[in-house]
Amino acid sequence: MAGGLGAVAALALPLSVPAPAAAAGLVPVELPGPAGPLPVGAVELHLVDPSRTDPWSGRPREVMVTVTYPAADVHDRTMLPWLPPGAERALKARFGGALDGYALPRTHSADRAPALPGRRPVLLHSPGYQSDRTFNTLLIEELASWGYVVAAVDHPYDTGEVEFPDGRVVVTRPDDGSVEAVTAAVAVRAADLRFVLDALAGLDRGGNPDAERRPLPRGLRGTLDLTRVGVFGHSRGGAASAAVMYLDERVRVGIDLDGGLAGPVVEHGLDRPFLLMDTAIHDGLNQDPSWPSFWRHLSDWHRCLRLADAGHNSYTDIVAVAPQLPEQVRAQLQTGTIPADRAVAAVRATVRAFFDLQLRGRPDTGRLLRGASRRYPEIQYIAG
């Protein structure tokens, strides 16, 4: 599985078992909350782009987006589920019944809570191939709790289980993994991200881009500072992050979390700051054919860091969910040997330090972005 599922007990805050899960006799899976000082709200958007035809469905291209932001008040608000019901059923079906006895977690994002006033940097997020936009909830909520607005995008038919407001659930249509197939998919993702950025501009002006015109959070208008836009993605989402930066100068900085690269950006690079993070298994600059050329053509701030003892999915919620799941499922999840709490803390701190440095003009946290932090020894310097 190329995404993420929940949180290890050592990480999780003391949460009560939701009544439906307890009544059904399901084993609860939990996510730890964010560590920042601000409460978090979120709103789901269904966006339809009539100018593009979906290459898989033949219909106008549509995406689902979760916008997560600092909230003014979360009192008595319902927390969004990690996955909506139809998507959860589809995910469980992937595991042949092994997860049927488990209740997947709720997030710590209050559904449509009023937004905290203030102009805030905006981050786009693209998940991995066959992963869902919520699989980086731990990182997204952390960023929002420190004052960012994050728009996480599902790319139907390429990411995982995508549930639309009418109840439709779209799942991945697997490709053959060839350079041509991956490049085509990444190009669609980059176009999706540009479309979402356009929709966010309308949202900031007071419009409602949701296809069903569902209610928006009070106070969200005027809070998105679209002069400070970053992007980050895991796996194929990392490729989409580099690709959208190449196409759209509105996106000022980006991060690739352990993903191969694809498209023209590989040969042309970027003239804006970019952070690459990998694992020893991936070893991108030595073993990934797409990384060295991209690296040579980066002309602004750039660095390659590594998460020690990590697997591919240690950059996602899966590293925290895996220890709560049965052994036959854990064995499939590529989370390495790094303790879950250390992986979550190190990735959160590094990603936030990069965006704080590049979008807020703040020095990085100690020596973290140089791979020399005593607090986060799991982050290793590779190059740059």
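All chains use their own residue numbering, which begins from 1 and follows the written sequence. Given that this is a predicted model, residues contribute local features only at a pLDDT of at least 70 and side-chain atom pairs are listed and counted only at 80 or more, while totals for whole chains, interfaces and linings are drawn from all residues. Hydrogens and waters are ignored; side-chain quantities use all the structure's heavy atoms.

1. Things to note about the overall build of the protein chain
- Under the scheme used here, helices are H or I runs from DSSP no shorter than 4 residues and strands are E runs no shorter than 2 residues, and both carry numbers assigned from the N terminus. Per the secondary structure count, the protein chain includes 11 helices and 15 strands.
- The atom set for the radius of gyration is the C-alpha atoms, and the globule formula is 2.2 Å times the number of residues raised to the power 0.38. The C-alpha atoms of the protein chain give 19 Å as radius of gyration, which agrees with the globular expectation for 384 residues (21 Å, within 12%).
- Three exposure classes are used, based on accessible area relative to the maximum for each residue type with a 1.4 Å probe and protein chains only: buried under 20%, partly exposed in between, and exposed over 50%. Residue burial in the protein chain is summarised as follows: out of 384 residues, 60% are buried.
- Sequence separation of at least 24 residues holds for 75% of the intrachain contacts in the protein chain that already meet a minimum separation of 6.
- For the accessible areas, the method is Shrake-Rupley and the probe is 1.4 Å, while residue cover comes only from the protein chains on display. For the protein chain, the accessible area works out to roughly 14,500 Å², and carbon and sulfur atoms hold 52% of it.
- Taking the 39 positively charged and 44 negatively charged side chains of the protein chain as two groups, their mean positions are separated by 6 Å. Working rule for contacts: check all heavy atoms of both residues, and any pair within 4.5 Å makes them a contact. Positive charges come from Lys and Arg, negative ones from Asp and Glu, while His and the chain ends are left out of the count. A charge is said to be at NZ when it belongs to Lys, at CZ for Arg, at CG for Asp and at CD for Glu.

2. Some words on the pattern of salt bridges
- Salt bridges are counted wherever a side-chain nitrogen of Lys or Arg sits within 4 Å of a carboxyl oxygen of Asp or Glu. Under the defined criterion, the tally for this structure stands at 29 salt bridges.
- For Glu88, the salt bridge identified is with Lys92, shortest N-O distance 3.1 Å. Linking Glu88 with Lys92, this pair stays in helix α2 (residues 85-94), spanning four residues, or about one helical turn. Assigned by exposure class, Glu88 and Lys92 land together as buried.

3. Here we look at the sheet that holds strand β8 (residues 149-154)
- Here the rule is simple: two strands pair whenever DSSP picks up at least two bridges between them. Judged by pairing direction, the sheet is mixed, and its 11 strands sit side by side in the order β4-β6-β2-β3-β8-β7-β11-β12-β13-β14-β15 without closing on themselves. The outermost strands of the open sheet, each flanked by one partner alone, are β4 (79-81) and β15 (379-383). Looking at each pair of strands side by side, their axes are set apart by 30 degrees on average, direction ignored.
- Looking at chain direction, strand β2 (residues 40-53) and strand β3 (residues 60-70) are connected through 11 bridges and run antiparallel. The residue bridging Gly41 from the neighbouring strand is Tyr69, located in β3.
- Axis definition: a line fitted to C-alpha atoms, over the contacting stretch in the case of helices. Angles run 0 to 180 degrees between N-to-C directions. Helix α4 (residues 179-204) rests against β2, β3, β7 (120-126), β8, β11 (224-234) and β12 (251-257) of the sheet, and its axis sits at about 120 degrees to β2.

4. What about helix α11 (residues 340-360)?
- In this scheme, a helix's expected span is set at 1.5 Å multiplied by one less than its residue total. Between the first and last C-alpha of α11 there are 29 Å, a value that for 21 residues agrees with the 30 Å anticipated at 1.5 Å per step.
- Downstream of α11 by a residue or two, Gly361 has a phi angle that is positive, lying close to 65 degrees.

5. What to know about the pairing of β7
- With seven of its seven residues buried, β7 lies for the most part within the structure.
- Note: β7 against β11, seven bridges, orientation parallel. Counted as the bridge partner of His125 is Phe232 from β11.
- Each parallel crossover has a hand, and for β7 linked through helix α3 (residues 137-145) to β8 it is right-handed. Crossover handedness is defined by viewing with both strands directed away from the observer: a clockwise path from the first strand over the helix to the second marks the crossover as right-handed.

6. Topic: the packing of α3 against α11
- Running from N to C, α3 and α11 point in directions that differ by 45 degrees, and their axes come no closer than 10 Å. Classed by the angle they form, the pair α3 and α11 counts as oblique. For α3 against α11, the interelement crossing comes out right-handed. Two secondary-structure elements touch here, α3 through Leu138, Leu139, Glu142 and Leu143 and α11 through Val344, Val347, Arg348, Val351, Arg352 and Phe355. To sort the angles, those under 35 degrees are grouped as roughly parallel, those over 145 as roughly antiparallel, those from 65 to 115 as roughly perpendicular, and the leftovers as oblique. The crossing is said to be left-handed when, going from far helix to near helix, the turn is anticlockwise and less than a right angle, and right-handed when the turn is clockwise.

7. As for α4
- Look at α4: 37 Å from first C-alpha to last across 26 residues, which is about the 38 Å you get at 1.5 Å a residue.
- Taken from the residues just after α4, Gly206 is the one with a positive phi, measuring 105 degrees.

8. Notes on the side chain of Thr68
- With respect to the helices and strands, Thr68 occurs in strand β3.
- Apart from the residues within four sequence positions on either side, Thr68 is in contact with Val40, Gly41, Ala42, Ser109, Ile140, Ala144, Tyr148, Val149 and Val150.

9. Concerning the confidence of the model for the protein chain
- For the protein chain, mean pLDDT is 92; residues scoring 70 or higher make up 94% of the total.
- For every residue, the pLDDT score states the predictor's confidence, bounded by 0 at the bottom and 100 at the top. Scored below 50 in pLDDT, residues 1-19 makes 74 contacts in the model with residues more than four places away or belonging to other chains.

10. A closer look at the packing of aromatic side chains
- The rule is short: rings of Phe, Tyr and Trp, with Trp giving its six-membered ring, pair when the centres are within 6.5 Å, and they are stacked under 30 degrees, edge-to-face over 60, tilted in between. Counted according to the given criterion, the structure contains seven aromatic pairs.
- On the basis of an interplanar angle of 50 degrees and a centroid distance of 5.4 Å, the ring pair of Trp301 and Phe354 is categorised as tilted. Here the residue Trp301 occupies a position in the loop between α8 (291-296) and β14 (302-307), and Phe354 occupies one in helix α11, the gap between them amounting to 53 residues.
- The exposure class assigned to Phe354 is buried, which follows from its relative accessible area of 0%.
- These aromatic residues form a ring-pair network of at least three members: Tyr148, Phe232, Trp301, Phe354 and Phe355.
- Over the face of the ring belonging to Phe164 we find Arg168, whose NZ or CZ atom lies 4.4 Å from the ring centre. Charges are assigned to positions over rings by a cutoff of 6 Å between ring centre and Lys NZ or Arg CZ, combined with an angular limit of 35 degrees from the ring normal.

11. Some details on the side chain of Asp288
- Secondary-structure assignment places Asp288 in the loop between α7 (284-287) and α8.
- N or O atoms within 3.5 Å of each other form a polar contact, as long as, within protein, one can give a hydrogen and the other can take it, and as long as residues adjacent in sequence are counted only when both atoms are side-chain atoms. In this structure the side chain of Asp288 is engaged in a polar contact, spanning 2.8 Å, whose partner is the side chain of His282.
- When near neighbours in sequence (up to four residues on either side) are disregarded, Asp288 contacts Gly259, Gly260, His282 and Asp283.

12. A short note on the nonpolar core
- For this analysis, a nonpolar core means a set of buried residues of the types Ala, Val, Leu, Ile, Met, Phe, Trp, Tyr and Cys, connected via side-chain atoms within 4.5 Å. Grouped together as the largest cluster of nonpolar side chains are 54 residues, with contacts concentrated most on Leu143, Phe232, Leu307 and Phe355.
- Among the elements of the structure, α2, α3, β8, β12, β13 (274-278), β14, α9 (318-321) and α11 are those that each provide at least two residues to this core.
- When residues in this core are grouped by element, the largest group, 11 residues, is from α11.
- Core analysis: the second largest hydrophobic core is formed by 50 residues, Leu124, Leu197, Val266 and Trp295 among them.

13. Some points on the packing of α4 against helix α5 (residues 236-247)
- The contact between α4 and α5 brings their axes to 8 Å, and the two run at 60 degrees. By the angle class used here, α4 and α5 are oblique. Where α4 crosses over α5, the handedness of that crossing is right-handed. On α5, the residues that touch Val182, Ala185, Val186, Arg189, Ala190, Leu193 and Arg194 of α4 are Arg236, Gly237, Ala239, Ala240, Ala243, Val244 and Leu247.

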